[in-house]
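Below are the chains, spelled out letter by letter.
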Amino acid sequence: MSTLLDTLNPEQRAAVTLPHESALILAGAGSGKTRVLTTRIAWLIQTGQVSPHGILAVTFTNKAAKEMLTRISAMLPPSTSLRAGANPRGMWVGTFHGLANRLLRTHWREAGLPQSFQILDSADQLSAIKRLMKALNVDTEKYEPKKLQWFINGNKEAGRRARDADAYDDYSMRLAELYEAYDAQCQREGVADFPELLLRSYELLYRNEPLRQHYQDRFKHILIDEFQDTNTLQYRWLKLFAGPHTVLFAVGDDDQSIYAFRGANTANMAEFEREFAHGNVIKLEQNYRSHGNILTAANTLISQNAHRLGKNLWTAEGEGEPIRVFEAYSDQDEASFVVDEAKALNREGVSFSDMALLYRSNAQSRVLEHALFSAGVAYRVYGGLRFFERQEIKHALAYLRLMTHPEDDGAFLRVVNFPARGIGARTLEQLADTAARSGSSLWQAACTGSGKVAGFAKLIEDIKQATTGLTLAETIDHAIEASGLADYYRADKDGADRLENLNELVNAATLFSEESEDNTLDAFLAHAALEAGEHQAGAGQDALQLMTVHAAKGLEFHTVFITGLEESLFPHEQSAHEENGLEEERRLMYVAITRARRRLYLTHAQSRMLHGQVRYGIPSRFLAELPEQVLLHLNRRAEPSYRSVSEPAPRATPANDTGYRVGQSVAHAKFGTGIIIDFEGRGADARVQVKFRDAGTKWLALAYAKLSPA
Ligand SMILES: Nc1ncnc2c1ncn2[C@@H]1O[C@H](COP(=O)(O)OP(=O)(O)OP(=O)(O)O)[C@@H](O)[C@H]1O
Ligand SMILES: [Mg+2]
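As annotated in an unreviewed UniProt entry, the protein chain carries the name DNA 3'-5' helicase and comes from Thiobacillus sedimenti.

Here's what the structure looks like:
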């Protein structure tokens, strides 16, 4: 047991070994909050205070949940010395949505859901809303489907059903009516959207006293990471699990609250302190993640926010490298700079997976992806278009849904004529009429009908028959073939990628069966709806990590590139219209900076193509808010086209302290002799471009290249 605690500092150890009382750990980025939370779970189990069965832990992403399980398993001694029942799998670890789903799957009957209820992601939800509005002849100019979606989700996240919705005028009253109709449609079709998972499971526990009692007795310890980002309903949800003897342990950082726009409420921290922690607040101030300059930048930046609980971070590490700032001509120039730097770092031994490329908005990733792809650098995008949101995957999932839940009209409409089987819009309208008249689903109407729609229903029945008794992966493989999807993409000249993704879906199912206890098709479909894209093709390969700043929360990397640091991009233009919007953007920047352990790049471009328009940006105010002494402004590379080696251009050699100059002859151990044709950077960052006699033209880092005058 001592080894568990050995590596912790005294404050961390105190937090981990806190006796039987609730507490709030309030501490800055990289101070070990997640590590403390994880170690506490292992410690509680190892000292026999609780069995894994008695632990409920909430993480922010599925990835974090998986990591936590792995870490805890590694911390615990080999299973021989464990008491029976100490399998870490007995714990409930997951995101709010994941845990809510688990609860509803277990108690579907009490929750008033069909056993095989399906989860709608945000795009599914929007199409369900559009379908509803069409059926009710709603004027979508006046009531935009997106607005209704926002209204529904906002109310659900605040714990309000349609009858309690915020409705104060004709317009919002109409929205509330539509909210009610939408919920009825979902109920009829046996589907639940994301916020519904939480609200439904909240209502379940709230109303069902014996069930609530059961869970309150079961969970002796509840631990919550990233507490600052819980919203009102999530907090109330958690409280339902807490009985009089439950110990709550919340860790968070008010400076990293970045989900206010989705209803997250830092006031929950103060409330938690009052209701549970009773002043039992532990602060951690030593940062173990980042070198000094990075931390100085983060501290200085965040000190400019007025609304803070106030705390500072220090590190025992040295200053480390300066923060590199680069101004690009254009977004493409920015992308190629990033690619060059990443490749150079990789040659120096930093793996690509230890480098992150961050951006404020998803739309920025396209240019970066293109540059990486062209340069042959493997990369992985997190939280962008998730694997399970790709068109071909959604088609496959729709077939699978129909096999277990034919009443799902959304799934029916998605694939009834995909691949094309000559079922036109007129036929479908007639089918919808029949269904509406008899109050049945489209599926039922199709089964009793004739012709092509009946043929479709039979196809699904046949697939179902043929896959009885097969494994999950075999079932999915068969469905992809028998539905005609595979052939469709085989015939499509651009279909190779999609076909590969479909294969990847079968792989994902295999993995899922190995990892989870419940390996039914229903469980897999629920998993697919909740999964945050960790199964992108090529998993396991060393790949550069691309993601929005929001998605980077809680993670850390050797090197971080924060791109697009321009006004109205970051801070985002929307923030100007929102109360405290700028402070939230600054917290977001704080999160971004504090992801870096060793090296940080901040880049911005003079011009950028976004949403089909060229925009000329001015540098983000956040750059000016950083202390100049920790920054290193990299020289912009000159455009090389107008120079040649035979006639070195009479240019002012940039101030450099390297002892080399443009035009000088040099020798390199591997590449032979050549001539320096360009410079960039200063000091430890200096690079030279050398045109070698036999080895072509190369950029070399002077610190590593070991050139000698020739
Ligand atoms: N006492 C310690 N000794 C050595 N390394 C530590 C110690 N405490 C934490 N670390 C390391 O510091 C890094 C940051 O820890 P962790 O991710 O737990 O911080 P955090 O407070 O959760 O950060 P964030 O706010 O970004 O989520 C991790 O790599 C962790 O392993
Ligand atoms: Mg953390």
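Novice: It is not clear to me how the sheet that holds strand E8 (residues 281–284) should be interpreted in this structure. Could you clarify?
Specialist: Paired through their backbone hydrogen bonds, the strands of a sheet run either parallel or antiparallel. A sheet is described by the order of its strands in space; here six strands give the open sequence E3-E2-E6-E7-E1-E8, paired in parallel fashion. Both edges of this open sheet fall to strand E3 (92–94) and E8, since each of them pairs with a single strand only. Between one strand axis and the next, the sheet turns by 10° as a mean value, whatever way the strands run. Bridge analysis of strand E2 (residues 55–58) against E3 gives three bridges, and the strand direction is parallel. What sits directly across from alanine 57, in E3, is valine 93. Lying on the sheet, helix H3 (residues 33–46) is in contact with strand E1 (23–27), E2, strand E6 (221–224), strand E7 (247–252) and E8; it crosses E7 at an angle near 160°. Sitting on the sheet, helix H5 (residues 96–106) is in contact with E2 and E3, with an inclination near 135° to E3.

Novice: I would appreciate a short explanation of the sheet that holds strand E19 (residues 687–692) in the present structure.
Specialist: As summarised here, the arrangement of the five strands in space is E20-E19-E18-E17-E21, forming an open sheet in which the pairing is antiparallel. At either margin of the open sheet sits one strand with a lone partner, and together these are strand E20 (696–701) and strand E21 (708–709). Across six bridges, the pairing between strand E18 (residues 672–680) and E19 is antiparallel. Within the sheet, the bridge partner assigned to isoleucine 675 lies in E19 and is lysine 691.

Novice: Just to check I follow, could you spell out the site of ligand 1 for this structure?
Specialist: Around ligand 1, the surrounding shell holds 19 residues, and the nearest of these are Thr7, Lys33, Gln256, Glu556 and Arg595. Residue lysine 33 places a side-chain N or O atom 2.6 Å away from an oxygen atom belonging to ligand 1. Against a free-state accessible area of 640 Å², the protein chains account for coverage of 84% of ligand 1. The element that contributes the greatest number of residues to the shell around ligand 1 is H3, accounting for three residues. Here the residues of the shell around ligand 1 are counted per class, giving three nonpolar, 10 polar and six charged.

Novice: So what exactly am I meant to see when it comes to unusual backbone geometry here?
Specialist: Working note: non-glycine residues mostly have negative phi, and peptide bonds are mostly trans. In this structure, proline 419 follows phenylalanine 418 across a cis peptide bond, with omega equal to -5°. Tracing the sequence through the fold places proline 419 in the loop between helix H17 (409–415) and helix H18 (425–438). For the peptide bond that leads from phenylalanine 570 to proline 571, omega is 5°, which places it in the cis range. Inspection of the secondary structure assignment puts proline 571 in the loop between strand E13 (557–562) and helix H25 (581–593). In this model, glutamate 226 sits at a positive phi of 50°, which is unusual for a non-glycine residue. The residue lysine 706 is not glycine, and still its phi comes out positive at about 50°. Positionally, lysine 706 belongs in the loop between helix H27 (702–705) and E21.

Novice: Help me understand the side chain of arginine 587 in this model?
Specialist: Structurally, arginine 587 can be placed in helix H25. On the basis of relative accessibility, which here comes to 10%, the residue arginine 587 falls in the buried class. Looking at arginine 587, its side chain comes within polar contact range of the main-chain oxygen of serine 257, at 2.7 Å. Those residues within four positions of arginine 587 in sequence are excluded, and the remaining contacts are Asp254, Asp255, Gln256, Ser257, Ile258, Ile302 and Asn305.

Novice: Help me understand the layout of surface pockets in this model?
Specialist: In this approach the atoms are scanned with a rolling probe the size of a water molecule, which exposes any empty space left behind. By volume, the second largest pocket amounts to about 1400 Å³. Taken together, 48 residues form the lining of the second largest pocket, with Arg131, Glu189, Asp409, Leu413 and Leu442 sitting closest to its centre. Of all elements in the fold, only strand E4 (118–120), helix H6 (122–135), helix H8 (170–189), helix H16 (391–404), H17, H18 and helix H24 (521–530) reach the threshold of two or more residues within the lining of the second largest pocket. Its residues assigned to classes, the lining of the second largest pocket comprises 24 nonpolar, seven polar and 17 charged.

Novice: Looking at this structure, how should I read the pattern of salt bridges?
Specialist: Any two side chains of opposite charge can pair, given that their charged atoms come close. Tallied over the full model, the rule gives 39 salt bridges. Between aspartate 121 and lysine 394 there is a salt bridge whose closest N-O contact spans 3.2 Å. Highlighted residues: aspartate 121 in the loop between E4 and H6 and lysine 394 in helix H16, separated in sequence by 273 residues. Residue lysine 394 is classed as buried on the basis of its relative accessible area, which comes to 8%. In the salt-bridge network here, residues are joined through shared partners; they are Lys156, Arg161, Asp183, Asp193, Glu196, Arg200 and Glu203.

Novice: What's the story with empty space enclosed by the protein in this structure? I'm lost.
Specialist: Scanning all chains against the criterion turns up three cavities of 30 Å³ or more. When its volume is computed, the largest cavity comes out at roughly 70 Å³. For the largest cavity, the full set of lining residues is Arg324, Glu348, Arg599, Ala684, Asp685, Ala686, Arg687, Ala701 and Tyr704. Looking at side-chain class alone, the lining of the largest cavity contains four nonpolar, no polar and five charged residues.

Novice: Mind showing me how you'd approach the packing of aromatic side chains here?
Specialist: Each pair of aromatic rings is reported with the distance of its centres and the angle of its planes. By the definition in use, this model includes 25 aromatic pairs. Joined through ring pairs, the aromatic side chains of Trp92, Phe96, Tyr215, Phe219, Trp237 and Phe241 make up one cluster. Above the plane of the ring of phenylalanine 117 lies arginine 105, whose end atom (NZ or CZ) is 3.7 Å from the centre. Positioned above the aromatic ring of phenylalanine 671 is the side chain of lysine 698, whose terminal nitrogen or guanidinium carbon lies 4.8 Å from the ring centre.

What counts as what
- Residues numbered from 1 in each chain as written.
- Chains lettered and ligands numbered in written order.
- Predicted model: local features only at pLDDT ≥ 70, side-chain atom pairs only at ≥ 80, totals over all residues.
- Heavy atoms only, no water.
- Pairing = 2+ DSSP bridges.
- Helix = DSSP H or I, 4+ residues; strand = E, 2+ residues; numbered from the N terminus.
- Axes fitted to C-alpha atoms, helices over the stretch in contact; angles between N-to-C directions.
- Contact = heavy atoms within 4.5 Å.
- Near = heavy atom within 4 Å.
- Polar contact = N/O pair within 3.5 Å; in protein donor to acceptor, adjacent residues only side chain to side chain.
- Areas by Shrake-Rupley, 256 points an atom, 1.4 Å probe, with all protein chains shown as cover.
- Nonpolar A, V, L, I, M, F, W, Y, C, P; charged D, E, K, R; others polar.
- Buried < 20%, exposed > 50% of the residue type's maximum accessible area, 1.4 Å probe, protein only.
- 1 Å grid on protein atoms, 1.4 Å probe; cavity = no way out; pocket = protein on both sides within 12 Å on 5 of 7 lines; lining within 4 Å.
- Points joined across faces, edges and corners; volume = space filled by probe spheres on them.
- Salt bridge = Lys/Arg side-chain N within 4 Å of Asp/Glu carboxyl O.
- Phe/Tyr/Trp six-rings, centres within 6.5 Å; stacked < 30°, edge-to-face > 60°.
- Lys NZ or Arg CZ within 6 Å of the ring centre and 35° of its normal.

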